[in-house]
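Each chain, written out:
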Amino acid sequence: NPGKIPYPRSLVPDIIRTIRDPEKPNTLEELEVVTENGVEVQEIGEDEYLVVIRFTPTVPHCSLATLIGLCLRVKLQRCLPFRHKLEIYISEGTHSTEEDINKQINDKERVAAAMENPNLREIVEQCVTEPD
């Protein structure tokens, strides 16, 4: 049913555009860390989708890239109303340690461990909570 695809595709940017930068008052969309072009949604099964996000850190050595990836993952996992697999990557060539960070933010165990760190979790919560 090709009619189902546009719905998940259009939903993803709306979920991530309001995530705030960990260090700035701006959202990731305002800083162009995430754009609609960086979102891919593919149907991989019956009502299951692969969601691929590519984001661009504000600077090539951005120390917050892992944290931003974590915020994207947490927010999408909470808000996506369909079954999904989530892959989050740094846009190619935009970060000095992109391979390491890509591994880290797509490793379930490392993500779970990060979210067990109270300080980290608090920052993530502040970034992903919708402004009132």
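Above this note sits the structure.
Source: prediction; values computed, not measured.

Scoring rules and cut-offs
Residues numbered from 1 in each chain as written. Predicted model: local features only at pLDDT ≥ 70, side-chain atom pairs only at ≥ 80, totals over all residues. Heavy atoms only, no water. Axes fitted to C-alpha atoms, helices over the stretch in contact; angles between N-to-C directions. Helix = DSSP H or I, 4+ residues; strand = E, 2+ residues; numbered from the N terminus. Parallel < 35°, antiparallel > 145°, perpendicular 65-115°, else oblique. Contact = heavy atoms within 4.5 Å. Nonpolar A, V, L, I, M, F, W, Y, C, P; charged D, E, K, R; others polar. Buried < 20%, exposed > 50% of the residue type's maximum accessible area, 1.4 Å probe, protein only. Arc of directions from axis to C-beta. Polar contact = N/O pair within 3.5 Å; in protein donor to acceptor, adjacent residues only side chain to side chain.

1. So, the packing of helix α2 (residues 65-79) against helix α4 (residues 108-115)
Now for step 1: With their axes 11 Å apart at the nearest point, α2 and α4 run at an angle of 95° to one another. When the interaxial angle is binned, α2 and α4 end up roughly perpendicular. Where α2 abuts α4, its residues L70, R73 and V74 lie against V111, A114 and M115.
Now for step 2: Partitioned by chemical class, the residues of the contact of α2 with α4 number five nonpolar, no polar and one charged.

2. Examining helix α5 (residues 118-128)
Now for step 1: Buried residues of α5: V124, C127 and V128, and no others. Looking down the long axis of α5, one finds its buried residues gathered within 85° of arc, a one-sided arrangement. Of the residues in α5, the exposed ones pointing more than 90 degrees away from the buried face are P118 and N119.
Now for step 2: Contacts made by the buried residues of α5 are with α2 and α4.
Now for step 3: The opening residue of α5, the one whose side-chain oxygen lies 2.9 Å from the backbone nitrogen of N119, is N117.

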